Amino acid sequence: MKWPLSDHFNGKRFYYPGDRAGRGFADVLKWKLTSQAARWPRDLPRPHVALPIPPAPPSPSIAVTWIGHSTFLVQSAAGNWLTDPFFSERAGPGGRIGPKRAVPAALAPRDLTALAGVLLSHDHYDHCDPASLRAIADRFSGKAPLLYAPLGYASLSGGLPLRELDWWESVSAAETVAVQLVPARHWCRRTLGGDNVRLWGGFVLRLPGTTLYFAGDTAFDETLFRDIARRCGPIDTAFLPIGAYEPRWFMRDAHMNPAEAVAAHRLLGARRSIAMHWGTIQLTDEAYDDPPRALAQACAEANLPEGAFQCLAIGERREIP
């Protein structure tokens with residue numbers, strides 16, 4: 001399928017306006033030859049979740065459970081939502097090769113109750129896992145939730161019904177719910193030669209009485225976060241990545257570090273932010289507990305109020321008024 005030319009699609013590939021070409025094999029080789037990844041602990045605690053999952057709180061409150069990495073269960077009176085479902089043991093083809101989870105997923109698809117929708121940000125294996133999407137489709141056979149994704153994901157939907165969106169496009173998911181795809185400074189690739197043949201992005205989810213922003217993967221860009229705040233605000237809860245950021249020369253064009261995540265939180269004007277994309281899979285060089293420690297330091301230096309930017313434990317469920 002062909003999409004119209006735009007400021008982020010040249011007729012063949014998508015791109016983030018103003019970004020140079022993505023990192024190539026020579027950059028990867030330089031990274032692996034010049035840096036040494038910290039060793040993660042081998043005995044990290046397994047998450048414990050009380051089942052069955054409690055029902056959603058009354059509107060406008062929501063309940064958020066961190067399943068791991070960038071996967072959250074968001075429960076609301078207007079329905080339950082899942083972000084970037086990743087339940088497999090490894091982030092790679094078929095879930096059998098690639099980086100292995102250091103901590104298992106806190107929930108399995110069989111534990112989930114009815115879903116109103118699933119948000120899928122981009123095609124990297126630690127975010128887009130067709131095996132997990134198929135498991136969700138099987139779990140809710142006959143009443144499968146709609147998968148909201150950027151342009152180009154028909155072959156990766158795992159059998160879920162699909163609604164593709166372009167940047168800034170918004171659709172009604174129910175009478176009182178809307179889903180909007182917003183830009184992210186990132187990129188896509190699942191195969192050699194498959195650079196940016198699909199779009200990527202974050203989501204703004206408008207539920208009764210509250211607005212959520214799920215960033216997916218993104219590098220820091222002041223203009224981007226100002227635009228999201230201006231066009232989509234006010235943001236009540238932002239889900240922002242804080243991990244997979246070292247070495248900076250290699251990762252700064254794809255992932256924020258914790259200090260940049262705090263800056264993004266402030267630019268968004270979010271009432272609160274919740275950290276994600278850390279502590280689950282070792283993708284880059286920083287130590288297991290570097291992201292939350294650096295986040296605490298950045299929050300203190302920015303004089304953020306206590307609880308303004310939260311780190312949950314994998315499996316933790318928190319109700320947000």
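Look a little higher up for the structure.
Residues numbered from 1 in each chain as written. Predicted model: local features only at pLDDT ≥ 70, side-chain atom pairs only at ≥ 80, totals over all residues. Heavy atoms only, no water.

S.K.: Before we go on, may I ask you to explain the sheet that holds strand β13 (residues 309–310) in this structure?
M.R.: Hydrogen bonds between backbone atoms are what pair the strands of a sheet, whose relative direction is either parallel or antiparallel. With mixed pairing, the 7 strands of this open sheet are ordered in space as β7-β8-β9-β10-β11-β12-β13. Edge positions in the sheet fall to β7 (170–174) and β13, since each of these pairs with one other strand and no more. Sheet topology note: the strand β9 (residues 202–207)/strand β10 (residues 210–214) ladder contains 5 bridges and is antiparallel. Across the sheet, L205 pairs through a bridge with L212, a residue of β10. (Pairing = 2+ DSSP bridges. Helix = DSSP H or I, 4+ residues; strand = E, 2+ residues; numbered from the N terminus.)

S.K.: Explain the nonpolar core here, please?
M.R.: As a rule of thumb, soluble globular proteins bury nonpolar side chains together. If you look at the biggest cluster of nonpolar residues, it comprises 86 residues, and the most contacted ones within it are W81, L82, V179, Y213, F225, F239 and F309. In terms of residue count, helix α5 (residues 258–268) provides more of this core than any other element does, 5 residues in total. Those residues in contact with F225 that lie beyond four places of it in its chain are Y213, T218, A219, F220, M256, A264, L267 and L268. (Core = buried A, V, L, I, M, F, W, Y, C linked by side-chain atoms within 4.5 Å. Buried < 20%, exposed > 50% of the residue type's maximum accessible area, 1.4 Å probe, protein only. Contact = heavy atoms within 4.5 Å.)

S.K.: Honestly, the packing of helix α3 (residues 222–232) against α5 in this entry has me stumped. Any pointers?
M.R.: Two packed helices can be described by the angle between their axes and the distance between those axes. Two elements in contact, α3 and α5, have axes separated by 8 Å at closest approach and are oriented at 35 degrees. Classified by chirality, the crossing of α5 by α3 is right-handed. Residue-level contacts link E222, F225, R226, I228 and A229 of α3 to A264, L267 and L268 of α5. In terms of residue class, the contact of α3 with α5 is built from 6 nonpolar, no polar and 2 charged. (Axes fitted to C-alpha atoms, helices over the stretch in contact; angles between N-to-C directions. Left-handed = near helix turned anticlockwise from the far one by under 90°. Nonpolar A, V, L, I, M, F, W, Y, C, P; charged D, E, K, R; others polar.)

S.K.: Please clarify how the pattern of salt bridges should be interpreted in this entry.
M.R.: One side chain can pair with another of opposite charge once the charged atoms of both are near each other. With the rule as written, the count across this model stands at 14 salt bridges. Note that E169 and R163 form a salt bridge whose closest N and O atoms lie 3.4 Å from each other. A relative accessible area of 28% means that E169 is categorised as partly exposed. Take R163: its relative accessible area is 30%, and that puts it in the partly exposed class. (Salt bridge = Lys/Arg side-chain N within 4 Å of Asp/Glu carboxyl O.)

S.K.: Where do I start with unusual backbone geometry in this structure?
M.R.: Of note, the bond from G233 into P234 is cis; its omega dihedral lies within 30 degrees of zero at 0 degrees. Residue P247 is reached from E246 by a cis peptide bond, and omega for that bond is 0 degrees. With respect to the helices, strands and loops of the structure, P247 is situated in the loop between β11 (237–241) and α4 (248–251). Even without a glycine there, the phi angle at H277 is positive, about 60 degrees. With respect to the helices and strands, the residue H277 is situated in the loop between β12 (272–276) and α6 (290–301).

Note that all results are geometric; they support no functional claim without further evidence.
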